[in-house]
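Geometric and topological summary
Listed below are the residues making up each chain.
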Amino acid sequence: MKHLSQRTLGLYAIEATLLSAEERDHLAACHDCQRALAGIQTFDSVLREPETWVGLSDAAPRQTNDDLRAFAVRFAEEDAEALELLDEFKEPVAAARFVWAGIAAKPRFRTGGVARLLCRWANGMCERDPLYALKLAEVATQISYALPDTSYPRNAIHELRGEALKEQANALRFLGRLPAALRAVTKSELEYRRLPHENLGLAAVKYVRGCVHYEQDELDDAEAAAHDAADASLRLGLADTYMNARHLLGHVLFDRQEYAAAANVFEGILRYGKAKGSVVWIARESLSAGGCYLELGRAAEARHHLDDARRLFSEMGFLTEITRVDWAIARLMFSEGNIPEAVHRLRRCIAELTSHEMLTEAAVVAVDLAEILHATSGPREIAKVLANVVRTFMDAGKLTSVLTALAYLKDAATAGTVTPGLVAYVRRFVQRAERQPELLFVPPPPDPV
Amino acid sequence: MLARLGASCRDTLERFYLLGESAIAIAEQRQKTSNYIRRLLNYCRNRVRSMYIATTSRESLP
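Residues numbered from 1 in each chain as written. Chains lettered and ligands numbered in written order. Predicted model: local features only at pLDDT ≥ 70, side-chain atom pairs only at ≥ 80, totals over all residues.

1. A look at the overall build of chain B
Short version of the rule: Numbering of helices and strands starts at the N terminus; helices are DSSP runs of H or I of at least 4 residues and strands are runs of E of at least 2. Counting other C-beta atoms within 10 Å of a residue's C-beta gives its exposure: the residue is buried at 20 or more, exposed at 12 or fewer, and partly exposed in between, where C-beta atoms are placed from the backbone. With C-beta atoms placed from the backbone, a contact is any residue pair whose C-beta atoms sit within 7 Å.
Regarding its fold elements, chain B presents 3 helices and 0 strands. Order of helices (α) and strands (β) in chain B, N terminus to C terminus: α-α-α. Counting over 62 residues, chain B shows a buried share of 29%. Put simply, of all contacts in chain B between residues at least 6 apart along the chain, 53% involve residues at least 24 apart.

2. Let's talk about the overall build of chain A
The number of helices and strands found in chain A is 21 helices and 0 strands. Across the 449 residues that make up chain A, the buried fraction comes to 44%. The contacts of chain A with a sequence gap of at least 6 include a subset with a gap of at least 24, amounting to 58%.

3. Considerations on the nonpolar core
Residues and elements named next belong to chain A. Heads up, the condition is: A set of buried residues drawn from Ala, Val, Leu, Ile, Met, Phe, Trp, Tyr and Cys, joined through C-beta atoms within 7 Å, is what defines a nonpolar core. Where each domain starts and ends follows an automatic or database-derived domain assignment.
Residues Leu118, Ala366 and Leu386 are the most contacted members of the largest nonpolar core, which totals 146 residues. For this core, the element with the most residues is helix α18 (residues 359-376), which contributes 11 residues. Each of domain 1 (257-334) and domain 2 (338-449) gives at least three residues to this core. Apart from the residues lying within four places of it in its own chain, the contact partners of leucine 386 are Ala366, Ala370, Leu406, Leu409, Lys410 and Ala413.

4. Digging into the interface of chain B and chain A
Think of interface size as the accessible area that goes away when the parts come together; that is how it is often given. The following threshold applies: Each residue receives one of three labels: charged for Asp, Glu, Lys and Arg, nonpolar for Ala, Val, Leu, Ile, Met, Phe, Trp, Tyr, Cys and Pro, and polar for the others, Gly being one of them.
The interface of chain B with chain A comprises 18 residues on the first partner and 18 residues on the second. Contributions of two or more residues to the side of chain B that touches chain A are made by α1 (7-18) and α3 (34-59) of chain B. Residues of the side of chain B that touches chain A, tallied by class, amount to 7 nonpolar, 4 polar and 7 charged.

5. Looking at the packing of helix α19 (residues 379-395) of chain A against helix α20 (residues 401-415) of chain A
Helix-helix packing is characterised by the crossing angle of the two axes and by the distance between the axes. Residues and elements named next belong to chain A. Rules: Axis definition: a line fitted to C-alpha atoms, limited for helices to the stretch in contact. Angles are taken between N-to-C directions and run from 0 to 180 degrees. An angle below 35 degrees is treated as roughly parallel, one above 145 as roughly antiparallel, one from 65 to 115 as roughly perpendicular, and anything else as oblique. Crossings are assigned a handedness: left-handed for a near helix turned anticlockwise from the far helix by less than a right angle, right-handed for a clockwise turn.
Remark: α19 packs on α20, axes separated minimally by 8 Å, with the N-to-C direction vectors making an angle of 155°. Between α19 and α20, the interaxial angle falls into the category roughly antiparallel. Note on packing geometry: the crossing formed by α19 with α20 is left-handed. Residues Pro379, Ile382, Ala383, Leu386, Ala387, Val389, Val390 and Phe393 of α19 form the contact with α20, whose participating residues are Val402, Leu403, Leu406, Ala407, Leu409, Lys410, Ala413 and Thr414. Counted by class, the contact of α19 with α20 contains 14 nonpolar, 1 polar and 1 charged residues.

6. Quick notes on unusual backbone geometry
For aspartate 217 of chain A, which is not glycine, the phi torsion reads 65° and is therefore positive. As for its placement among the helices and strands, aspartate 217 of chain A is situated in the loop between α10 (200-215) and α11 (219-236). Among the residues examined, aspartate 217 of chain A registers 15 C-beta atoms within 10 Å and is labelled partly exposed. Here the phi dihedral of glutamine 31 of chain B falls at roughly 60°; this positive angle occurs in a residue that is not glycine. By the element assignment, glutamine 31 of chain B lies in the loop between α2 (23-30) and α3. Looking at glutamine 31 of chain B, the number of C-beta atoms within 10 Å reads 6, which means it is exposed.

7. Regarding the packing of helix α13 (residues 259-276) of chain A against helix α14 (residues 279-296) of chain A
All names here are of chain A. In contact at an axis separation of 8 Å, α13 and α14 are set at 160° when each is read in the N-to-C sense. One element, α13, and the other, α14, form an angle in the roughly antiparallel class. You can see that α13 and α14 cross each other, and the crossing is left-handed. The residues of α14 that touch α13, namely those facing Tyr259, Ala260, Ala262, Ala263, Phe266, Glu267, Ile269, Leu270, Tyr272, Gly273, Lys274 and Lys276, are Trp281, Ile282, Glu285, Ser286, Ser288, Ala289, Cys292, Tyr293, Glu295 and Leu296. In terms of residue class, the contact of α13 with α14 is made up of 14 nonpolar, 3 polar and 5 charged.

8. Considering α14 of chain A
Residue and element names in this part refer to chain A. Heads up, the condition is: Multiplying 1.5 Å by the helix residue count minus one yields the expected span of that helix.
Between the first and last C-alpha of α14 there are 25 Å, a value that for 18 residues agrees with the 26 Å anticipated at 1.5 Å per step. The buried count for α14 comes to 14 of 18 residues, which makes it a mostly enclosed element. Glycine 297 sits one or two residues past α14 and shows a positive phi near 75°.

9. Observations regarding helix α3 (residues 31-47) of chain A
Residue and element names in this part refer to chain A. Spelled out, the test is: The reported arc concerns the directions from the helix axis to the C-beta atoms and nothing else.
The end-to-end C-alpha distance of α3, which contains 17 residues, comes to 24 Å, matching closely the 24 Å that a straight helix rising 1.5 Å per residue would cover. Every buried residue belonging to α3 is among Cys33, Leu37 and Ile40, and all of these are buried. In a view along the axis of α3, the buried residues occupy a sector of 60°, so they form one face of it. With respect to the buried face of α3, the exposed residues turned more than 90 degrees away are His31, Asp32, Arg35, Thr42 and Ser45.

10. Section: the environment of tyrosine 207 of chain A
Tracing the sequence through the fold places tyrosine 207 of chain A in helix α10. The contact partners of tyrosine 207 of chain A, leaving out residues within four places of it in the chain, are Ala229, Thr241, Asn244, Ala245 and Leu248 of chain A.

11. Looking at the environment of alanine 3 of chain B
Tracing the sequence through the fold places alanine 3 of chain B in the segment before α1. Spatially, the C-alpha atoms of alanine 3 of chain B and valine 48 of chain B are 9.7 Å apart, while their sequence positions differ by 45 residues.

12. Topic: the confidence of the model for chain B
Short version of the rule: Each residue carries a pLDDT score, the predictor's own confidence in it, on a scale running from 0 to 100.
On average, chain B scores 79 in pLDDT, and the residues at 70 or more come to 85%. Low confidence marks residues 58-62 of chain B, where pLDDT is under 50. Its contacts with residues over four positions away, or in another chain, come to 0 contacts.

This is how it looks when you write it as structure tokens:
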């Protein structure tokens, strides 16, 4: 296909929907067109600067610029004030005090600065303490809706509400409350769509939507959202967000067992990581691509990628990622017939994941190990491995449905009724339960005679 | 450069870029189609961009 014309790119910068699917595909792959678009977008951002219009505006010449300057000063003051007001709630240890403080109801906390700071903290808190992240985001949302429309530019209010709801959705996703996360995503998108221009927040919330659908096993919806997020990121020149969306797409394809297509996606991101010199991207995509080659039976390529991933994660000291790579390497060894080493490594992975308190992942590895033992040793060995994992779950007080599933498999092993179908069923359940903790384990229907 | 644009161009660019109005809102107010406004925006922005590029390339000449 020919390069997109300046006119086409110019119209696209104004209204993203004006590009056909074929033109969008070309743009996604063509660096020259991306560069040309970035040039137009940079110029557009200059046109959005109030300084560009100083002394020119007929509509509300000085007033508009003065207003915007006044808002900029006010925002900076609000941000500084919010830091002081909220200082005592910065760490998760203050979660209970934060909830009791009921700050959303107190007028002095009802500022854009407080809402913005809570959003920023919520974003950084998702992995450390998702429940506190949710509380922070909920209060940010309440404040953003309590701000009088007349006291802030309307676009600033929509942007703030969109951001607060996005952080709420993200925290709910980390907590596994997926239907609620999806509702928050939809509300966030509605706020962002009220802005005259697509912005970074909308691209990010589309990505969150994709993740939620993916975690609910709604692969078609996840794929559509991943494409959407990738397109939006591309239009805005957000390379890392674009690659995150592509990474999600790769996992959707992997889960659909379209391993060659998934490998293709991961290899593309890997090239980006190498071009950028980003060790994190290279390690992450090497692991993902290695997993695809493992499933495709392309052992040499799998080993090459997994070795790369292991070396890089080791250099960075990412302990859990090293264990994940070792898990894949153990499965590779099993596929190559090196069963004793595979069993040894899987046992070590279970121990390491347990020590990192990643019990559900340890359980999935235990089920993998059970599968190997079923093919090589006997039911007694399986029962022993699973009994250990069950005990770990009980010691940790994690009385979840994963525990029920593992106990069911252990009992089947003791009774000598384990089948490959049952192992696969339990593995699928444990993987799903990690993403959706509210799922209940139901034993599979008996095999037809 | 913006001062050298016609009133219609300048007003459309200002409303879209500075004041953040959508193409649809501008179109409604002017009783035009939104596609017309988008084409106009593209044309006007390209004009001012060409002027800008011409100026900067002249300035960069030795």
